[in-house]
Number of protein chains: 2
Amino acid sequence: MNTADLGLPVDVPSTALFTDQYELTMLQAALKAGTAERRSVFEVFTRRLPEGRRYGVVAGTGRVLDAVENFRFDPDVLGFLAEREIVDEPTLRWLAGYRFSGDIWGYPEGEVYFPGSPVMRVEGSFAECVLLETVILSILNHDSAIAAAASRMASAAGDRPLIEMGARRTHELAAVAASRAAYVGGFDTTSDLAAGFRYGIPTVGTSAHAFTLLHDRERDAFQAQVDSLGRGTTLLVDTYDVAEAVRTAVEVAGPELGAVRIDSGDLLLVAHRVRQQLDELGARDTKIVVTSDLDEYAIASLAAAPVDAYGVGTQLVTGSGHPTCSMVYKLVARAESADPKAPLLPVAKKSTGGKTSVGGRKWAARRTDAEGVAEAEVVGTGEVPAELVDQQLLVELVKSGEVVAREPLDASRARHAAAKASLPLSATQLSRGEAVLPTEYVQGRSGS
Amino acid sequence: MNTADLGLPVDVPSTALFTDQYELTMLQAALKAGTAERRSVFEVFTRRLPEGRRYGVVAGTGRVLDAVENFRFDPDVLGFLAEREIVDEPTLRWLAGYRFSGDIWGYPEGEVYFPGSPVMRVEGSFAECVLLETVILSILNHDSAIAAAASRMASAAGDRPLIEMGARRTHELAAVAASRAAYVGGFDTTSDLAAGFRYGIPTVGTSAHAFTLLHDRERDAFQAQVDSLGRGTTLLVDTYDVAEAVRTAVEVAGPELGAVRIDSGDLLLVAHRVRQQLDELGARDTKIVVTSDLDEYAIASLAAAPVDAYGVGTQLVTGSGHPTCSMVYKLVARAESADPKAPLLPVAKKSTGGKTSVGGRKWAARRTDAEGVAEAEVVGTGEVPAELVDQQLLVELVKSGEVVAREPLDASRARHAAAKASLPLSATQLSRGEAVLPTEYVQGRSGS
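Since we're looking at a predicted model, the values are computed, not measured. (Residues numbered from 1 in each chain as written. Chains lettered and ligands numbered in written order. Predicted model: local features only at pLDDT ≥ 70, side-chain atom pairs only at ≥ 80, totals over all residues. Heavy atoms only, no water.)

### Some words on the overall build of chain A
Item 1. Along the backbone of chain A there are 15 helices and 18 strands.
Item 2. Viewed in the frame of its principal axes, chain A has a C-alpha envelope of about 80 × 60 × 35 Å.
Item 3. In chain A, which comprises 448 residues, the proportion classed as buried is 61%.
Item 4. In the structure as shown, chain A presents an accessible area of about 15400 Å², 49% of it carried by carbon and sulfur atoms.
Item 5. For chain A, the distance from the average position of its 45 positive side-chain charges to the average position of its 60 negative side-chain charges is 5 Å. (Helix = DSSP H or I, 4+ residues; strand = E, 2+ residues; numbered from the N terminus. Buried < 20%, exposed > 50% of the residue type's maximum accessible area, 1.4 Å probe, protein only. Areas by Shrake-Rupley, 256 points an atom, 1.4 Å probe, with all protein chains shown as cover. Lys, Arg positive; Asp, Glu negative; His and termini not counted. Charge placed at Lys NZ, Arg CZ, Asp CG, Glu CD.)

This is how it looks when you write it as structure tokens:
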């Protein structure tokens with residue numbers, strides 16, 4: 001059995017129902033009209049970045065590949081569609097044999113993107129491509145939103161490690177995907193065991209206030225934790241009085257205490273005090289971990305504080321104000337007829353209310369200046385200009401229905417770090433701004 | 001095999017890894033210290049509502065019950081924990097036999113809540129209760145955020161139906177839970193087939209712009225859709241020119257055309273024009289569905305427009321500005337010793353940085369005035385005052401590990417409508433405001 005990459009510790013045979021009903025009714029109508037087999041090109045892109053953001057981060061690509069591979073209609077699902085009369089008999093028969101047989105190209109995971117970047121391109125018959133819209137957008141819109149927030153937090157944190165700990169603030173499976181996306185965006189570890197199990201992300205975690213409250217004295221709790229987890233553990237020191245807790249912590253664990261965690265209060269002030277106290281107690285190597293409603297701005301504000309690691313929850317898994325991207329999946333070209341040799345015609349909805357689309361099958365390249373710094377996102381139809389051939393961004397992900405571009409998560413993570421480093425310096429400013437690269441449209445010869 | 005209610009069309013044997021690592025390390029340390037078996041009471045509550053919101057909506061309770069029932073450590077999971085050395089051998093053995101055997105009480109699904117409302121209370125040994133923190137919070141924080149947004153949108157929509165269509169804007173499984181929570185909050189239908197399959201929520205959907213663009217003429221697309229889906233279908237009329245599309249739609253389908261959908265432009269203006277045009281064409285019963293980045297404010301602004309139904313996506317599944325709640329899971333009381341007869345002691349973290357907790361095992365009741373309108377959320381420890389005994393909010397959900405309070409989703413949906421109706425009128429104002437009920441704390445005798 002194939003495994004759909006939902007972040008679950010079990011196999012899931014099908015992703016076919018993560019689909020808006022209209023994909024199936026469009027299929028039914030197109031089958032009946034004889035237009036379902038017209039060769040089609042769909043593209044995923046955003047018209048804009050979230051307000052104030054300077055770049056976007058492609059994440060979820062690996063999950064999309066699994067979702068496409070496992071997009072099958074098994075008897076249970078077909079039975080549901082039949083019983084609810086969602087589609088007719090001919091459509092049910094067609095769905096029973098569904099298996100995506102087309103091609104998918106896209107920005108590799110971890111790459112940055114800008115308004116208009118064709119981050120994914122899906123080609124095949126209208127019928128086989130239209131069905132994938134919802135699940136592809138679900139994955140890319142969610143995962144990219146989290147990765148973008150993570151990337152900004154990673155810039156703010158500099159060399160200090162970031163711990164993802166937002167599982168409790170979002171849907172239990174969105175949390176696993178969020179942890180994965182955060183890792184791509186630059187986080188180092190996660191508290192989420194399912195993310196460790198599924199994706200091999202290093203997991204961390206020691207204790208909460210409840211553990212201290214369970215015991216008769218804070219000292220008993222610290223002693224219990226050190227006895228069980230060793231002196232290298234992280235003790236939570238803000239259940240009662242921080243200064244007293246730090247003193248107790250070092251008494252119990254000795255100067256070999258791994259770290260203390262502060263989860264409330266004015267972190268800037270408290271971190272300085274705790275560092276001074278730890279140093280005075282001889283615990284110079286004991287680290288300070290802070291965790292309390294942090295976002296990229298709070299992380300940046302602690303840059304000069306003696307903090308060794310940040311734990312981030314809510315603001316990470318909710319995309320730091322932008323919990324979704326506005327990626328859309330649009331038909332940009334389709335054949336004149338069902339003849340496989342029929343030429344592709346560019347198509348686009350008429351622009352109203354800002355919903356502009358550019359028709360035609362697109363390529364994309366990132367132009368760099370003489371120093372190798374990115375200076376423009378160039379998106380075009382037709383032939384790729386010779387000077388941009390080697391700077392193209394789309395890579396082949398699925399070829400005739402077969403996934404050809406799986407990679408370990410560390411490769412996506414490294415790609416993101418490199419892509420971010422190649423942007424102009426203003427990319428990592430936290431202040432609100434415009435996209436750091438302009439998107440230029442080029443219409444080449446034979447523009448389909 | 002039990003089925004964890006993740007919104008998947010398949011069985012999932014375990015929810016045990018949707019857990020922060022520290023729950024397991026706390027367990028290990030408590031087992032070694034001999035404190036793991038101390039009887040404990042954990043409560044779920046929020047310290048505040050999202051800014052400007054007047055009430056919260058409890059959603060996800062049914063999913064929590066499934067998650068608790070399926071919280072088991074199977075050999076794969078235990079193998080992972082062993083290999084990563086996340087916990088030690090005695091802890092692994094303890095986990096292998098894990099099955100929650102305690103009691104859970106909570107606000108029933110669909111009920112409203114306020115700051116300090118003990119929306120769920122989990123009682124048992126520290127060991128068995130602490131493990132459930134992450135998954136319970138994931139579910140309640142996500143689902144309640146969506147239900148709260150849905151509830152406001154339902155107030156704004158009045159009698160007009162609301163269609164949930166946000167699947168593409170959030171994680172593919174968060175989308176299924178969102179659809180479920182939206183239904184509890186007052187939505188009528190969903191575009192998400194998985195939500196229809198899993199929860200029986202009525203599904204809807206007809207076509208997108210891609211379907212029109214696939215065909216050589218808009219007329220061909222409309223004809224294909226009507227031929228396949230019947231005259232009662234909904235035609236999307238804003239791919240090119242709306243007025244022309246409406247004319248074509250009625251020519252193709254006749255005045256029996258079910259509905260037209262408008263997905264862009266100034267909806268207020270366009271809806272009026274389209275209504276007038278439809279009436280002039282004799283299609284007086286043809287409905288108008290609008291869908292374009294709607295939120296509760298946009299819905300309210302269309303109250304006087306000739307709109308028959310609203311489709312809502314992004315703003316619903318992202319909680320309309322508040323994608324998560326700030327529910328926490330806190331130890332509020334625990335026994336002095338592992339003796340099952342040892343009395344419970346109230347416990348609480350010391351208040352710093354606004355993180356106030358009130359110790360002690362709590363009851364809650366909603367006091368009403370002479371007209372039966374709610375006037376206060378009363379939360380207390382110790383004995384329930386006689387006049388509030390019949391107005392208590394917590395119900396038994398799990399008894400000695402057995403789920404005792406499953407209910408159909410329609411019951412939760414009806415409960416929410418009734419609870420909202422019992423609040424003061426200002427509850428459904430969309431403008432920013434304070435919680436519509438004050439929370440009063442009462443300390444009774446024997447306050448544990």
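Don't stop here, the text continues.
### Focus on unusual backbone geometry
Item 1. Of note in this structure, Ser 320 of chain A is not a glycine but carries a positive phi near 45°.
Item 2. Mapped onto the elements of the fold, Ser 320 of chain A is located in the loop between α14 (314–317) and β12 (328–335).

### Points about the relation of the copies chain A and chain B
Item 1. Note on the identical chains: chain A maps onto chain B by a rotation of 180° and an axial translation of 0.0 Å, with an RMSD of 0.0 Å. Given the turn and translation reported, the copies of this chain are related as if by a two-fold rotation axis. Looking at the rotation axis and the C-alpha trace of chain A, the residue lying nearest is Ala 174 of chain A, at 3.0 Å.
Item 2. A shared binding surface is used by both copies, with 100% of the interface residues of chain A retained as interface residues in chain B. (Least-squares fit on C-alpha atoms with pLDDT ≥ 70 in both. Contact = heavy atoms within 4.5 Å.)

### A word on helix α12 (residues 267–280) of chain B
All names here are of chain B.
Item 1. Helix length check: α12 (14 residues) gives 19 Å between terminal C-alpha atoms against 20 Å at 1.5 Å per residue, within 8%.
Item 2. For α12, the set of buried residues is Leu 267, Val 270, Ala 271, Val 274, Arg 275, Gln 277 and Leu 278. In an axial view of α12, the angular spread of the buried residues amounts to 170°, which keeps them on one side of the axis. Residues of α12 that are exposed and point over 90 degrees away from its buried face: Arg 273 and Glu 280.
Item 3. Of the surrounding elements, those touching the buried residues of α12 are α11 (242–253), β9 (259–262) and β10 (287–290).
Item 4. Directly beyond the C-terminal end of α12, a positive phi value near 85° is found at Gly 282. (Expected span 1.5 Å × (residues − 1). Arc of directions from axis to C-beta.)

### Topic: the side chain of Asp 238 of chain B
Item 1. Positionally, Asp 238 of chain B belongs in the loop between β8 (234–236) and α11.
Item 2. One buried charged residue, Asp 238 of chain B, forms no salt bridge at all, with the nearest opposite charge on Lys 349 of chain A at 4.0 Å.
Item 3. Leaving out residues up to four positions away in the same chain, Asp 238 of chain B has contacts with Lys 349 of chain A together with His 209, Arg 261, Ile 262, Asp 263 and Ser 264 of chain B. (Salt bridge = Lys/Arg side-chain N within 4 Å of Asp/Glu carboxyl O.)

### Focus on the packing of aromatic side chains
Item 1. All told, the structure shown has 14 aromatic pairs over all chains when counted by the stated rule.
Item 2. Pairing Phe 80 of chain A with Phe 197 of chain B gives two aromatic rings, centres 5.3 Å apart and planes at 80°, and the pair type is edge-to-face. With Phe 80 of chain A in helix α3 (residues 75–83) and Phe 197 of chain B in helix α8 (residues 193–199), this pair bridges two chains.
Item 3. For Phe 80 of chain A, a relative accessible area of 7% gives the class buried.
Item 4. By relative accessible area, Phe 197 of chain B is classed as partly exposed at 25%.
Item 5. Its guanidinium or amino end placed over the ring of Tyr 199 of chain A, Arg 180 of chain A lies 5.4 Å from that ring's centre, counting from NZ or CZ.
Item 6. A cation sits over an aromatic face here: Arg 413 of chain A above Tyr 183 of chain A, 4.5 Å from the ring centre. (Phe/Tyr/Trp six-rings, centres within 6.5 Å; stacked < 30°, edge-to-face > 60°. Lys NZ or Arg CZ within 6 Å of the ring centre and 35° of its normal.)

### Let's talk about the pattern of salt bridges
It is possible for side chains bearing opposite charge to pair when their charged atoms get close.
Item 1. Taken as a whole and assessed by the stated rule, the structure comprises 54 salt bridges over all chains.
Item 2. In this structure, Arg 168 of chain A and Asp 20 of chain B form a salt bridge, with 2.8 Å as the shortest nitrogen-oxygen distance. Placement of Arg 168 of chain A in the loop between β6 (162–164) and α7 (172–185) and of Asp 20 of chain B in the segment before α1 (21–33) is noted, with the two residues assigned to different chains. Comparing Arg 168 of chain A with Asp 20 of chain B shows no difference in burial state: the two are buried.
Item 3. For the salt bridge of Arg 275 of chain B with Asp 279 of chain B, the shortest nitrogen-to-oxygen distance reads 3.1 Å. Of this pair, Arg 275 of chain B and Asp 279 of chain B both sit in helix α12, four residues apart, which is roughly one turn of the helix.
Item 4. The exposure class of Arg 275 of chain B is buried, given its relative accessible area of 14%.
Item 5. With a relative accessible area of 22%, Asp 279 of chain B lands in the partly exposed category.
Item 6. In the salt-bridge network here, residues are joined through shared partners; they are Asp 20, Glu 23 and Glu 133 of chain A together with Arg 168 of chain B.

### Comments concerning the nonpolar core
Item 1. Ranked by size, the top nonpolar core spans 154 residues in total, and within it Leu 81 and Ile 136 of chain A together with Leu 81 and Ile 136 of chain B carry the most contacts.
Item 2. Discounting residues that sit within four places of it in the chain, Leu 81 of chain B has contacts with Leu 193 of chain A together with Leu 24, Phe 73, Ile 86, Val 87, Leu 92 and Leu 95 of chain B. (Core = buried A, V, L, I, M, F, W, Y, C linked by side-chain atoms within 4.5 Å.)

### Some details on the pairing of strand β5 (residues 120–125) of chain A
Residues and elements named next belong to chain A.
Item 1. Of all six residues in β5, six are buried, a share of seventy percent or more.
Item 2. Across six bridges, strand β1 (residues 39–45) lies against β5 in antiparallel orientation. Its bridge partner lying in β5, Arg 39 is registered against Ser 125.
Item 3. Across four bridges, strand β3 (residues 103–106) lies against β5 in antiparallel orientation. Its bridge partner lying in β5, Asp 103 is registered against Glu 123. (Pairing = 2+ DSSP bridges.)

### Topic: helix α11 (residues 242–253) of chain A
Residues and elements named next belong to chain A.
Item 1. For α11, built from twelve residues, the straight-helix expectation of 16 Å at 1.5 Å per residue is met to within 8% by its first-to-last C-alpha distance of 16 Å.
Item 2. Residues of α11 that are buried: Ala 245, Val 246, Thr 248, Ala 249, Val 250, Val 252 and Ala 253.
Item 3. Each element contacted by the buried residues of α11 is listed here: α10 (218–229), β8 (234–236) and α12 (267–280).
Item 4. Between the side-chain oxygen of the N-cap and the backbone nitrogen of Ala 243 there are 3.3 Å, and the N-cap of α11 in question is Asp 241.
Item 5. Phi turns positive, to about 80°, at Gly 254, one or two residues after α11. (Polar contact = N/O pair within 3.5 Å; in protein donor to acceptor, adjacent residues only side chain to side chain.)

### Remarks on the domain arrangement of chain A
Where interface size is quoted, it is often the accessible area lost as the parts come together.
Item 1. Its domain assignment divides chain A into domain 1 (21–146 + 326–443) and domain 2 (206–292).
Item 2. The distance between the C-alpha centroids of domain 1 of chain A and domain 2 of chain A comes to 48 Å. (Domains from an automatic or database assignment.)

### A word on the interface of chain A and chain B
Item 1. Taken together, the contact between chain A and chain B spans 108 residues of the former and 109 residues of the latter.
Item 2. Contact between chain A and chain B buries roughly 8500 Å² in total, counting both sides, with carbon and sulfur atoms accounting for 61%.
Item 3. Its largest share of buried area at the contact with chain B, chain A owes to Arg 168, Leu 193 and Leu 214 of chain A, together 10% of the area lost on that side.
Item 4. Summed over the shared surface of chain A and chain B, the number is twelve salt bridges.
Item 5. Two residues, Asp 216 of chain A and Arg 334 of chain B, come together in a salt bridge whose shortest N-O distance is 3.0 Å.
Item 6. Between chain A and chain B we count 65 residue pairs in polar contact (both at pLDDT 80 or more) in total.
Item 7. Among the elements that make up the side of chain A that touches chain B, the one with the highest residue count is helix α1 (residues 21–33) of chain A (eleven residues). (Buried area = accessible area lost by both parts, 1.4 Å probe.)

### As for the environment of Val 58 of chain A
All names here are of chain A.
Item 1. Note on placement: Val 58 falls in the loop between β2 (56–57) and α2 (61–69).
Item 2. With 53 residues separating them in the primary sequence, Val 58 and Glu 111 have C-alpha atoms 5.6 Å apart.
Item 3. Setting aside residues up to four positions removed in sequence, Val 58 forms contacts with Tyr 107, Pro 108, Glu 109, Gly 110, Glu 111, Tyr 113, Val 119 and Ser 144.

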